[in-house]
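Residues per chain, in single letters:
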Amino acid sequence: MSGSTGGRGLDHLMEQNATELGFLDAYGPRDEEPAQVLEEIARRLKRLNATVEASVVIAGGLRIVAEPDGCHVSWSGTTLPLVPTDLVQPGMRDGRLSEARDEAHLVVFGWTHEVRRFFERAAEHEGSGSA
């Protein structure tokens, strides 16, 4: 056995095959810059004539504020179309839904499929006048 390590490191292998490793996203979201996540959220809420100012987006009963630890989301309205498990999906944390389902709070830290669906549902609900 030779003393040479000779092999390529994991970082090198991942870099070389980065385009082939998309399946790794299934193992959980990665933290993203809150400003990038806020930009995506604003894009999803555009049809609601969202107000976008620096690090805050307001659309109907939704208020999203970009903080260093993620985007803090508050959503209030009459009978939100949510159940508690909707607020504990990949890319979210600290989700809370009031017992009356008229107020929800969560922190979004990644732009995942589940987060995108959450905001699409929110836009649909707010846009239908159900809020």
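Residues numbered from 1 in each chain as written. Predicted model: local features only at pLDDT ≥ 70, side-chain atom pairs only at ≥ 80, totals over all residues. Heavy atoms only, no water.

Student: If you had to explain unusual backbone geometry to someone new, which residues and values would you point to?
Tutor: With a phi angle near 45°, A54 is a residue other than glycine that sits in the positive phi range. The backbone of R101 sits at a positive phi, close to 60°, despite the residue not being glycine. For R101, the location among the structural elements is in the loop between β5 (92-97) and β6 (103-108). (Helix = DSSP H or I, 4+ residues; strand = E, 2+ residues; numbered from the N terminus.)

Student: Break down the pairing of strand β3 (residues 62-67) for me, citing the residues and quoting the values.
Tutor: Where strand β2 (residues 56-59) meets β3, four bridges bridge the pair, whose relative direction is antiparallel. Paired with I58 across the strands is R63, a residue of β3. Count of turn residues in the β2/β3 antiparallel hairpin: two residues, of which G60 carries a positive phi of about 60°. Where β3 lies against strand β4 (residues 70-76), six bridges are found, and the strand directions are antiparallel. Directly across from V65, in β4, lies its bridge partner H72. (Pairing = 2+ DSSP bridges.)

Student: Now, about the side chain of E126: what can you tell me, with residues and values included?
Tutor: Checked against the element boundaries, E126 lands in helix α3 (residues 113-127). Buried charge without a salt bridge: E126, with R47 as the nearest opposite-charge side chain at an N-O distance of 10 Å. Separated by 3.0 Å, the side chain of E126 and the backbone nitrogen of G61 make a polar contact. (Buried < 20%, exposed > 50% of the residue type's maximum accessible area, 1.4 Å probe, protein only. Lys, Arg positive; Asp, Glu negative; His and termini not counted. Salt bridge = Lys/Arg side-chain N within 4 Å of Asp/Glu carboxyl O. Polar contact = N/O pair within 3.5 Å; in protein donor to acceptor, adjacent residues only side chain to side chain.)

Student: Give me the sheet that holds β4: which residues, what numbers.
Tutor: Strand order in the open sheet formed by six strands is β1-β2-β3-β4-β6-β5, and the pairing between neighbours is antiparallel. Of all strands in the sheet, those bounded by a partner on one side alone are β1 (51-53) and β5. Each strand axis lies, on average, 10° off the axis of its neighbour in the sheet, ignoring direction. On top of the sheet, α3 reaches β2, β3, β4, β5 and β6; it is set at about 30° to β4, its chief contact. (Axes fitted to C-alpha atoms, helices over the stretch in contact; angles between N-to-C directions. Contact = heavy atoms within 4.5 Å.)

Student: An account of the pattern of salt bridges is needed here, citing residue identities and associated values.
Tutor: All chains considered together, the criterion is met by six salt bridges. Ionic pairing is found between D69 and R93, a salt bridge with its closest N-O pair at 3.8 Å. Of this pair, D69 sits in the loop between β3 and β4 while R93 sits in strand β5, and the two are 24 residues apart along the sequence. Residue classification places D69 among the partly exposed positions, given a relative accessible area of 41%. Counted as one network, the salt bridges with shared partners bring together E39, E40 and R43.

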